[in-house]
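Spelled out from the first residue to the last, the chains are:
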Number of protein chains: 2
Amino acid sequence: MDITIDIEDSAPLFAQLVEQIKEAVLKDKISPGAPLPSIRQLANDLRLNSKTVAKAYRLLERDSVIQTRGYRGTFIHPDAKINCTVDLGEWVIAKLSDAISELRDGGVTDSEIRIAFGNLMNKRTI
Amino acid sequence: MDITIDIEDSAPLFAQLVEQIKEAVLKDKISPGAPLPSIRQLANDLRLNSKTVAKAYRLLERDSVIQTRGYRGTFIHPDAKINCTVDLGEWVIAKLSDAISELRDGGVTDSEIRIAFGNLMNKRTI
DNA sequence: TTTTGTACCATTACACCACACGGTACAAGT
DNA sequence: ACTTGTACCGTGTGGTGTAATGGTACAAAA
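**As for the environment of Pro37 of chain B**
Residue and element names in this part refer to chain B. Along the chain, Pro37 falls in the loop between β1 (35–36) and α2 (39–46). Exposure remark for Pro37: the relative accessible area of 25% places this residue in the partly exposed category. The sequence separation of Pro37 and Phe75 amounts to 38 residues, and the corresponding C-alpha distance is 8.8 Å.

Shown next, in the form of structure tokens:
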């Protein structure tokens, strides 16, 4: 596991982590079932805040790339390689893009779309 | 036409204008075809910037509540009363709400939705 | 000439959010 | 005791969008 963090990079630190771990899985540098460094450990090695590493791990687990087994540590998910290629971002963009295009075609101002969006995102109960 | 602008109100000035003009139409205080003050004139009377009034007029015309006939001035739209009740906002909220709910159910973070949304809104070519 | 709506340049203030950071605390396992 | 992931409180910075302001300019009609 050779992870490099570039503070100068415009990409967020947690995103760099996610990206590099996914890459390591895809290039067979880590095999499924293998243990990952603990959050605090990795944060210490990379001189990052533990919250930053925790955020990366949380996202990776949501994508089923890693598996956190509570007090036993974190491991590479059995189906990690498959789930790495599934890009959640594209489906998000597609869904939103459709809605936005439809609204714009209906004559709705970008500003109005932003306002409505902001209101919706603040209400937890949709 | 008695329009009152409250600077202390949290509602944007242009929104107050839109609201009050729509209200005047609904309450038959102005009839279809009647002329409205010019942008500069109204801005002067209310001590607002002409751009602020222009923005309100632009929105009202998009909703077909008023009609701008170029150099002849601005008038109340023939179907103003009907178009006043049509709330564009509700259809916007419904459309967006659907998309957001779907994404959230798919495990997408609110933060990620916001990022994707922001990126889409900045790219003119969708 | 003056007025009409409109378009472009710009600045200011304000608010929200993402990101990263710090500290503290917890239950459950080694 | 120590570590695990996780959750809560918080702070600060930078980016970005809205809202409102100002100035200048245009073509077309009165």
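The structure having been displayed, the exposition proceeds.
**Focus: the packing of aromatic side chains**
Within the structure shown, the criterion is met by 1 aromatic pair over all chains. Here the aromatic rings of Phe117 of chain A and Phe117 of chain B are separated by 3.6 Å at their centres, their planes lie at 5°, and the arrangement is stacked. Of this pair, Phe117 of chain A sits in helix α6 (residues 110–122) while Phe117 of chain B sits in helix α6 (residues 110–122), each in a different chain. Each member of the pair, Phe117 of chain A together with Phe117 of chain B, is buried. Over the ring of Phe14 of chain A we find Lys55 of chain A, and its NZ or CZ is 4.1 Å from the ring centre.

**Examining the protein's contact with DNA strand C**
The local shell around DNA strand C holds 23 residues, among which Leu13, Lys51, Thr52 and Tyr71 of chain A together with Arg40 of chain B are the closest. Backbone atoms, meaning sugar and phosphate, form 68% of the atoms of DNA strand C found within 4 Å of the protein. The contact in question runs from a base nitrogen of DNA strand C to an N or O atom on the side chain of Lys51 of chain B, over 3.2 Å. One nitrogen or oxygen atom from the main chain of Gly70 of chain B is found 3.3 Å from a sugar or linking oxygen belonging to DNA strand C. Contributing elements (two or more residues each) for the surface near DNA strand C: α1 (13–26) and α3 (50–62) of chain A together with α2, α3 (50–62) and α6 of chain B. Of the residues assigned to the surface near DNA strand C, the class counts are 7 nonpolar, 9 polar and 7 charged.

**Details of the side chain of Asp63 of chain B**
All names here are of chain B. Mapped onto the fold, Asp63 is located in the loop between α3 and β2 (66–68). Residue classification places Asp63 among the buried positions, given a relative accessible area of 18%. Those residues in contact with Asp63, other than ones at most four positions away along the chain, are Lys22, Asn83 and Leu88.

Conventions adopted
Residues numbered from 1 in each chain as written. Chains lettered and ligands numbered in written order. Predicted model: local features only at pLDDT ≥ 70, side-chain atom pairs only at ≥ 80, totals over all residues. Heavy atoms only, no water. Helix = DSSP H or I, 4+ residues; strand = E, 2+ residues; numbered from the N terminus. Buried < 20%, exposed > 50% of the residue type's maximum accessible area, 1.4 Å probe, protein only. Phe/Tyr/Trp six-rings, centres within 6.5 Å; stacked < 30°, edge-to-face > 60°. Lys NZ or Arg CZ within 6 Å of the ring centre and 35° of its normal. Near = heavy atom within 4 Å. Polar contact = N/O pair within 3.5 Å; in protein donor to acceptor, adjacent residues only side chain to side chain. Nonpolar A, V, L, I, M, F, W, Y, C, P; charged D, E, K, R; others polar. Contact = heavy atoms within 4.5 Å.

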